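Structural overview for review
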Amino acid sequence: MWDKWKEVLSELFRNEVDVAGLVETNINWSPLRSRQAINLLRKQFGNGTMINATSDEPSSSAYKQGGASLLLTGNIIGAIDHGSSDQRGLGRWSYCIIHGINNIKVVIITAYQICQDTLTTGMHTAYAQQYRILRRQNVHNPKPKKIFDNDLAAQIKQWRNKNYDVLLMIDANTHLL
């Protein structure tokens, strides 16, 4: 797992990338794995942080379908206010808020919309994880894709109402044309 991660970090470093959004990471971002990934990031870049989103669905494996990560390095690190992931614990997006000059605030979001529409594709898919979590949250007949759209739109609206600028990097899993 970490060999591939090191390859990604090397490419980001070689191309002098300060902010990267990674979706469908398929990593069970436990606190330990997150710390290990951040340590590798800092070893490669000298500084850096990352905000990971993974579902609250328990998993004993390092592999967990879905997920989103936001990596930040360089001078932007000093401007980070805070970061987190989607409020439902579904592993759909991670974000951070940056303080810019002239009191400008920018929200950077990395989001992953599932591609499945039904449970028939497997019990460990991101769709199945989200479906089960939503049922535990007392959502009757959950439609994870529709809930994603509604929740993300509502979250962005909250940020825009605070006059935050929004930068969205998304795997929408849909055809745009």
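Notes on the structure follow. Everything numeric in this text was worked out from a predicted model, so none of it was measured. (Residues numbered from 1 in each chain as written. Predicted model: local features only at pLDDT ≥ 70, side-chain atom pairs only at ≥ 80, totals over all residues. Heavy atoms only, no water.)

1. Considering the environment of K64
Formally: Note on conventions: DSSP H or I runs of at least 4 residues are helices, E runs of at least 2 residues are strands, and numbering of each starts at the N terminus. Working rule for contacts: check all heavy atoms of both residues, and any pair within 4.5 Å makes them a contact.
Inspection of the secondary structure assignment puts K64 in the loop between β2 (49–53) and β3 (68–72). What K64 contacts, discounting residues up to four positions off in sequence, is N26, I27, N28, T54, S55, E57, S59 and Q129.

2. Remarks on the sheet that holds strand β1 (residues 19–23)
Two orientations exist for strands paired in a sheet by backbone hydrogen bonds: parallel and antiparallel. Worth spelling out the cut-off: Note on pairing: DSSP must find at least two bridges between two strands before they are called paired. The axes are straight lines fitted to the C-alpha atoms, using for helices just the contacting stretch, and the angles between their N-to-C directions are given from 0 to 180°.
On the basis of which strands lie adjacent, the open sheet formed by three strands has the order β1-β3-β2 and antiparallel pairing. Where the open sheet ends on each side, the last strands, each with one partner, are β1 and β2. For this sheet, the mean inter-axis angle between neighbouring strands, taken without regard to orientation, is 10 degrees. Note: β2 against β3, five bridges, orientation antiparallel. Looking at β3, one finds that N52 is bridged to S69. Lying over the sheet, helix α2 (residues 31–45) contacts β2 and β3, oriented at roughly 150 degrees with respect to β2.

3. Examining helix α3 (residues 126–136)
Rules: When a residue's accessible area, from a 1.4 Å probe over protein chains only, is under 20% of the maximum for its type it is buried; when over 50% it is exposed; and in between it is partly exposed.
Judged by how many residues are buried, α3 sits mostly within the fold: eight of 11 residues are covered. Burial in α3 covers these residues: A126, Y127, A128, Q129, Q130, Y131, I133 and L134. Looking at the buried residues of α3, the elements they touch are β6 (105–112) and α4 (144–161). Positive phi appears at N138, one or two residues downstream of α3, with a value of about 65 degrees.

4. Here we look at the pattern of salt bridges
Put simply, the rule reads: Each reported salt bridge corresponds to a side-chain nitrogen of Lys or Arg within 4 Å of a carboxyl oxygen of Asp or Glu.
Enumeration over the complete set of coordinates arrives at eight salt bridges. Where R92 meets D86, a salt bridge forms, and the shortest distance between an N and an O atom there is 3.2 Å. Between D151 and R88 there is a salt bridge, with the nearest N and O atoms lying 2.5 Å from each other. In this pair, D151 sits in helix α4 while R88 sits in the loop between β4 (80–85) and β5 (93–99), placing the two residues 63 residues apart along the sequence. Residue D151 is classed as buried on the basis of its relative accessible area, which comes to 10%. Several salt bridges converge on common partners, so that one network encompasses D86, R88, R92 and D151.

5. Considerations on the packing of helix α1 (residues 2–14) against α2
Rules: The handedness criterion is simple: a crossing whose near helix is rotated anticlockwise from the far helix by less than a right angle is left-handed, and one whose near helix is rotated clockwise is right-handed. As a working rule, the residues Ala, Val, Leu, Ile, Met, Phe, Trp, Tyr, Cys and Pro are called nonpolar, Asp, Glu, Lys and Arg charged, and the rest polar, with Gly in that last group.
Running from amino to carboxyl end, α1 crosses α2 at an angle of 35 degrees, the nearest separation of the two axes being 10 Å. The two elements α1 and α2 meet at a crossing, and its hand is right-handed. Together, W2, W5, K6, L9, S10, L12 and F13 of α1 and R33, Q36, A37, L40, L41, Q44 and F45 of α2 make up the contact between the two elements. When its residues are assigned to classes, the contact of α1 with α2 shows nine nonpolar, three polar and two charged.

6. A short note on the environment of K143
Position of K143 relative to the elements: it lies in the loop between α3 and α4. For K143, a relative accessible area of 46% puts it in the partly exposed group. Along the backbone, K143 and L177 are 34 residues apart, and their C-alpha atoms lie at a distance of 24 Å.

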